[in-house]
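What follows is each chain in one-letter form.
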Amino acid sequence: MDVLDIARWQFGITTVYHFLMVPLTIGLGILVAVMHTMWVRSGKPEWLRMTRFWGRVYLVNFVLGVATGLVQEFQFGLAWSEYSRFVGDVFGSLLAMEALLAFFLESTFLGLWIFGWGRIPKKLHLAALWAAVVGSIVSAYFIIAANSWMQHPVGVTVGDDGRPLQVDFLAVLTNNTALAAFSHAIVAALVVAGALLVGVGLYQLRRRTLAQRPTTDVDSAVWRRSVRLGGFVSLAAFVLVAVTGDWQGKLMYQQQPLKMSSAEALCETEAPAPFSVFAWGKLGSNECDDVHSYTVPGLLSFLAHSDFSTAVPGVDDLQEEYSEVYGATYPDDPSFGDRAGQAIDYTPVLAVTYWSFRLMIGMGAVSAGVAAYALWSTRRGRVPTSRIGVYGSLLAVGAPFVANATGWIFTEMGRQPFVVYPNPDVPVGEQVYYFTAQAVSPGITAAEVWTSLVSLGLLYGALAVVELFLLVRLVRGGVTTGDTTPTPPAVGGSRRDDGSDDDDPRPGDDRSDDDVLSFAY
Amino acid sequence: MDLQTLWFAAVAVLWTGFLLLEGFDFGVAALLPVLGRRTADRHLMLRTIGPVWDGNEVWLITAAGAVFAAFPGWYATWLPALYLPFVLVLLGLIVRAVAFEWRHSSHDPRWDATWTRVITGGSLVAAAGVGAALGATTLGLPVDGDGTRVGGAFAGLGWSSLLGAAAVVGFSLVHGALFLALKTDGPVRLRARAFALRWSPVAALPLLAWAGLVQLRSGTAVTAVLWLVAALAVVVTWTRVRLDREGQAFAGWATVLLASAAALFGSAFPVVVPSTIDPAFDVTIAQASVSDYTLTVMTWVAAVGLPVVLAYQAWTYWVFRRRLTAEPSHDDAAQVAA
């Protein structure tokens, strides 16, 4: 493998890994904030216990998301310096704004929430959590806007040196590609969190039943509410995932037709175009003619254009079209390295696009099915006893993670060989585009990239083991005594509403620290 | 002042802010095995930085993001030239971050001790790595006319990166000790004070040497004065620690950093990456910067966003302003009994 291939693997592995944490952080953050709000409003103990139990799960995962997110920002410069130079006028500012407007908010207020139990007024403490959650959502927006600009560069002209020059920042922020991808990602994050609540809640409910514990006490209410909340959220979010996914798909047919056609292994342009349910043959060879599939007639035309007859361009025709417009071979330029002068394959890896697209949809559907089962089996105070149902739901916690990961793999792999994809709305001569083969840092050695790939890979593997161990232990442990204290004792009468308190330490304060520590640190 | 100069100043402020804030949590973490003799002491030390370390770390992300956003040519020359040190920084920061949150997830003392060691190790590696990268950058990197490093993986590393690493680690250790003296009570406070008294003059040397070298290369009268202020602030810090004035000592040591960072960035301006191959290959802000349009957009965003960030971060420090004391824990009681 040359530097380009190793760097691509490194980017892919670290990004997909990071994106396992992100949806859970966003989705669970929203749900914990809802639980905390319910507790502040109703004062019911089950909401406090839910907030603290799910809050701990949230934090264990949050920190791994933050830690692995650091790598994301730096690797654009480390291994992809020519990319950074090329897109500098647009891309970097979005990352900087994410840090300034979102990341500070998230980290600062999360610290305040973790350590603020009993130390700041109740409503302010709740507001701190919401501020952190809003921070993570805004952060997702800026990152997706940056990514969407690579998929569909808007708001720029070509400068004298061939690089894009930003002319319309609002256009970059309101890129339709970004709006569609962002809404899709946020609702998908809620599916992830909902599935976790359902799986863990059902497991705990069944455990209580087997142990013949009362079904009317507060702990029982914790798990029942978790299942119901998770089930509703997951199911509603799945509907929105489908709606936003459809929107995103239609945009992709306009903006990156090759990505969608290769997701369908549609070789020739067809009208009406069929939707492929299952493909076999030599998908791996990337030779479209060796692929056969079971199809639903006309459905692909409908998905792409909202009617059953319009033509959808096929992979082979598009490959020819792209070769004519963007060249059949890479330019004979040293910046392309070994690839200079070689033929360009505009078709993404068919096996990857085809199956990642199907896995994304299939695993999303699994979550919806589990959510429906959970809501049905817990209706009107019922407790599910089916071993298969409960353990199946627990296992299905993984399904939306797979759906999220494969969704990103599809989006990113599907735009190759471009790192910045040409925007078809712009006349060909004025388009901004950049090949992945040009983007890699020229001076770095394969050994350096291997070092980072191996060291980060090993570390990520080890951290995954610890995180899973911690999560499993938390889940098995259930609600602990630390969660049952209505509120830490230090909220004294001397506190003023503006958040300040008197300077004399009060006798109860140390105990309050203990309680905070048992929560997170 | 044109926008490129303004953003050079903004980048300088962000890097300095990062060193100033994360500096003390690096320092506290690095001093865990030195000042934290009992488990309870170490927990106390960690609690002083618990609510704020994550917010402090965002200064690094914003500083790096601002370099990318305003000077992509700097970013694209700098990071690949120092590929391995930056990877080390990332590894250090990752393990330290997870250790902060995860170490309390079990009551097993070995689990706790392991993750506490990881916090110390990760913080030291990250501080040294950042210092090495900054030192090598201000004192020169082997880059050619295209901004590409020549000479292989270790070509960017040398005495300048060692000096930078020593400067940042040294500053952080004393900064952490002074922070502990300010934030805690009991034996940790006394030990932290003694540490700062003994080591502050030594720890300031690499920082002053670094700023002095850049001053000798390209400094002005203003930066020379700043350098003198930094040197003077070391003396002030030392005398304030001696008089047990912890707040003033902390402010004095912060001045050491602020003045020497201002001298460093001021002397370097307008070069962001000096080339050791040929001064003609130096990367300057004019070559490295984005368009005026993008700089204008970012100026507006920063003008609105930065004061808000500063306000709520300051408020967090206010909320957690109380001095902390260690509660006796079970194993300490057992130690005393033994």
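Parameters at a glance
- Going along each chain's sequence as written, the residues are numbered from 1 onward.
- Labels are handed out in written order, letters beginning with A for the chains and numbers beginning with 1 for the ligands.
- For a predicted model such as this one, the threshold for reporting local features is a pLDDT of at least 70, and the threshold for listing and counting side-chain atom pairs is 80 or more; totals across whole chains, interfaces and linings nevertheless cover every residue.
- Excluded from the side-chain calculation are hydrogens and water; included are all heavy atoms of the structure.
- UniProt positions are given in the numbering used here, feature names are shortened, and annotations may be inferred rather than shown by experiment.
- Helix numbers and strand numbers start at the N terminus; a helix is a DSSP run of H or I with at least 4 residues, a strand a run of E with at least 2.
- Here the globule rule reads 2.2 Å times residues to the power 0.38, and the radius of gyration is calculated from C-alpha atoms.
- Each residue is assigned to one of three classes by its accessible area relative to the maximum for its type, calculated with a 1.4 Å probe on protein chains only: buried under 20%, partly exposed between the two thresholds, exposed over 50%.
- Contacts: residue pairs with any heavy atoms within 4.5 Å of one another.
- Surface accessibility follows the Shrake-Rupley procedure with a 1.4 Å probe radius. Residue values consider only the protein chains on display as shielding.
- Asp and Glu count as negative and Lys and Arg as positive, but His and the ends of the chain are not part of the count.
- The location of each charge is read from NZ of Lys, CZ of Arg, CG of Asp or CD of Glu.
- Each axis is a line fitted through C-alpha atoms, and for a helix only the stretch in contact is used; angles between axes span 0 to 180 degrees, taken between their N-to-C directions.
- Oblique is the label for any angle not covered by the other classes, which are roughly parallel (under 35 degrees), roughly antiparallel (over 145) and roughly perpendicular (65 to 115).
- In this scheme the crossing of two helices becomes right-handed for a clockwise turn of the near helix relative to the far one and left-handed for an anticlockwise turn of less than a right angle.
- Ten residues, namely Ala, Val, Leu, Ile, Met, Phe, Trp, Tyr, Cys and Pro, are considered nonpolar, four, namely Asp, Glu, Lys and Arg, are considered charged, and the remaining ones, Gly among them, are considered polar.
- The term salt bridge refers to a pairing of a side-chain nitrogen on Lys or Arg with a carboxyl oxygen on Asp or Glu at a separation within 4 Å.
- Using a 1.4 Å probe, buried area is obtained as the accessible area two parts lose upon being combined, added over both of them.
- We define a polar contact as two N or O atoms separated by no more than 3.5 Å, with the added condition that, inside protein, one atom must be a possible hydrogen donor and the other a possible acceptor, whereas residues neighbouring each other in sequence contribute only through side-chain atom pairs.
- The term nonpolar core refers to a set of buried residues drawn from Ala, Val, Leu, Ile, Met, Phe, Trp, Tyr and Cys, joined through side-chain atoms within 4.5 Å.
- Each patch is built from residues lacking any salt bridge and having more than 30% relative accessible area; the joining distance is 9 Å for like charges and 5 Å for nonpolar side chains (Val, Leu, Ile, Met, Phe, Trp, Tyr).
- pLDDT is a per-residue confidence score from the predictor, ranging from 0 to 100.
- Each residue after the first adds 1.5 Å to the expected span of a helix.
- Aromatic rings from Phe, Tyr and Trp, with only the six-membered ring used for Trp, were paired whenever their centres fell within 6.5 Å, and each pair was classed as stacked if the ring planes differed by under 30 degrees, edge-to-face if by over 60, and tilted otherwise.
- Definition used: whenever NZ (Lys) or CZ (Arg) falls within 6 Å of the ring centre and also within 35 degrees of the ring normal, the charge is taken to sit over that ring.

Going by what an unreviewed UniProt entry lists, chain B is known as Cytochrome bd-I ubiquinol oxidase subunit 2 apoprotein and is assigned to Geodermatophilus normandii. UniProt, in its Subcellular location (unreviewed entry) section for chain B, records the words "Cell membrane". Its UniProt record gives chain B a comment under Sequence similarities (unreviewed entry), which states: "Belongs to the cytochrome ubiquinol oxidase subunit 2 family."

Going by the annotation in an unreviewed UniProt entry, the name recorded for chain A is Cytochrome bd-I ubiquinol oxidase subunit 1 apoprotein, with Geodermatophilus normandii given as the source organism. Under the UniProt heading Subcellular location (unreviewed entry), the entry covering chain A gives this text: "Cell membrane". Under the UniProt heading Sequence similarities (unreviewed entry), the entry covering chain A gives this text: "Belongs to the cytochrome ubiquinol oxidase subunit 1 family."

A. Focus on the overall build of chain B. Along the backbone of chain B there are 14 helices and two strands. Taking 20 Å as the expected radius of gyration for a compact globule of 338 residues, we find that chain B reaches 21 Å, a close match to that expectation. Here chain B holds 338 residues, and the buried ones make up 61% of them. In chain B, 80% of the contacts between residues at least 6 apart in sequence involve partners at least 24 apart. For chain B, the accessible area works out to roughly 12300 Å², and carbon and sulfur atoms hold 71% of it. Considering chain B, the positive charge centre built from 21 side chains and the negative charge centre built from 20 side chains are found 13 Å apart.

B. Region of the structure containing the overall build of chain A. Within chain A, the regular secondary structure consists of 17 helices and six strands. In terms of overall dimensions, chain A has C-alpha extents of about 75 × 50 × 40 Å along its principal axes. By the burial criterion, 60% of the 521 residues in chain A qualify as buried. Taking the intrachain contacts of chain A between residues at least 6 apart in sequence as the baseline, contacts between residues at least 24 apart amount to 77%. Of the side-chain charges in chain A, 34 are positive and 47 negative, and the distance between the mean point of each set is 21 Å.

C. A look at the packing of helix α4 (residues 53-70) of chain B against helix α6 (residues 83-102) of chain B. Residues and elements named next belong to chain B. Where α4 meets α6, the closest approach of the two axes is 12 Å, and the angle between their N-to-C directions is 160°. By the angle class used here, α4 and α6 are roughly antiparallel. Relative to α6, the crossing made by α4 is left-handed. Contact residues: Trp53, Glu57 and Leu60 in α4; Leu93, Arg96, Ala97, Phe100 and Glu101 in α6. Taken together, the residues of the contact of α4 with α6 break down into five nonpolar, no polar and three charged.

D. Inspection of the pattern of salt bridges at higher detail. Residue and element names in this part refer to chain B. Enumeration according to the criterion identifies 23 salt bridges over all chains in this entry. One salt bridge connects arginine 96 with aspartate 25, and the closest N-O pair in it is separated by 2.4 Å. Pair noted here: arginine 96 is in helix α6 and aspartate 25 is in helix α1 (residues 3-30), with a separation of 71 residues, a long-range link. On the basis of relative accessible area, aspartate 25 is assigned to the buried category, the value being 0%. It is possible to trace a salt-bridge network through shared partners that takes in Asp185, Arg189, Arg193, Asp244, Glu246 and Arg323.

E. Examining the interface of chain B and chain A more closely. Facing the 70 residues of chain B at the interface are 80 residues of chain A. Note on chain B versus chain A: buried area summed over both sides is about 6800 Å², and carbon and sulfur give 71% of it. For the pair chain B and chain A, the interface holds one salt bridge. The salt bridge partner of glutamate 448 of chain A is arginine 149 of chain B, with a shortest N-O separation of 2.7 Å. Put simply, chain B and chain A have 15 residue pairs in polar contact (both at pLDDT 80 or more) between them. At the level of elements, α4, α5 (72-81), α6, α7 (109-139) and α13 (292-319) of chain B are the ones that each hand at least two residues to the side of chain B that touches chain A.

F. Seen up close, the nonpolar core. Of all hydrophobic cores here, the largest spans 271 residues; its most connected members are Leu28, Trp54 and Tyr83 of chain A together with Trp15, Trp78, Trp102 and Trp210 of chain B. Once residues lying within four places of it in the same chain are set aside, the contact partners of tryptophan 210 of chain B are Leu134, Gly135, Thr138, Leu139, Leu163, Gly164, Ala167, Val168 and Leu264 of chain B. Core analysis: the next-biggest nonpolar cluster, separate from the first, contains 13 residues, Met260, Phe275, Leu300 and Met360 of chain A among them.

G. Looking closely at a nonpolar patch on the surface. Residue and element names in this part refer to chain A. Where nonpolar side chains cluster on the molecular surface, the patch consists of Met1, Trp9, Ile13, Trp450, Val454 and Leu458 and spans about 650 Å² of accessible area. Of all the elements in the fold, those that place two or more residues in the nonpolar patch are α1 (3-42) and α16 (446-477). Top element by residues in the nonpolar patch is α16. It accounts for three residues. By secondary structure assignment, the location of methionine 1 is in the segment before α1.

H. Representation of the environment of glutamine 4 of chain B. Residues and elements named next belong to chain B. As for its placement among the helices and strands, glutamine 4 is situated in helix α1. You can call glutamine 4 buried: its relative accessible area is 19%. With sequence-adjacent residues up to four places away left out, glutamine 4 is seen in contact with Phe71, Ile285, Ala286, Ser289 and Leu295.

I. Looking closely at the confidence of the model for chain A. Residues and elements named next belong to chain A. Put simply, chain A has an average pLDDT of 86, and 91% of its residues get 70 or more. Element-level mean pLDDT values for chain A span from 43 in helix α17 (residues 509-519) up to 95 in helix α5 (residues 122-151). Contacts for the low-pLDDT stretch residues 487-518, under 50 throughout, to residues beyond four places or in other chains number 49 contacts.

J. Region of the structure containing helix α8 (residues 159-183) of chain B. With 25 residues, α8 of chain B ought to run about 36 Å at 1.5 Å a step, and its terminal C-alpha atoms sit 36 Å apart, in line with that. Across the 25 residues that make up α8 of chain B, a large majority, 20, are buried.

K. Summary view of α16 of chain A. The end-to-end C-alpha distance of α16 of chain A is 46 Å, a good match for the 46 Å that 32 residues give at a rise of 1.5 Å each. Trailing α16 of chain A by a residue or two, glycine 478 of chain A shows a phi angle of about 65°, which is positive.

L. Region of the structure containing a negative patch on the surface. Residue and element names in this part refer to chain A. Residues Glu268, Glu270, Glu287, Asp289, Asp317, Glu320, Glu321, Glu324 and Asp345 make up a contiguous surface patch of negative charge. Its place among the elements puts aspartate 345 in the loop between α11 (315-326) and α12 (350-377). The exposure class of aspartate 345 is partly exposed, given its relative accessible area of 41%.

M. View of the packing of aromatic side chains. Considering all chains together, one arrives at 57 aromatic pairs over all chains under this definition. Here the aromatic rings of phenylalanine 53 of chain A and tryptophan 223 of chain A are separated by 5.0 Å at their centres, their planes lie at 85°, and the arrangement is edge-to-face. With phenylalanine 53 of chain A in helix α2 (residues 45-78) and tryptophan 223 of chain A in helix α8 (residues 218-255), the pair connects residues that are 170 residues apart, well separated along the chain. Tryptophan 223 of chain A matches phenylalanine 53 of chain A in its accessibility class, with the two residues each being buried. The interplanar angle of 40° and the centroid separation of 6.4 Å between the aromatic rings of phenylalanine 76 of chain A and phenylalanine 68 of chain B together place this pair among those described as tilted. In this pair, phenylalanine 76 of chain A is assigned in helix α2 and phenylalanine 68 of chain B in helix α4, connecting two distinct chains. Since its relative accessible area comes to 10%, phenylalanine 76 of chain A is described here as buried. When its relative accessible area of 0% is taken as the criterion, phenylalanine 68 of chain B is described as buried. Positioned over the ring face of tryptophan 39 of chain A is lysine 122 of chain A, at 4.6 Å from the centre of the ring.

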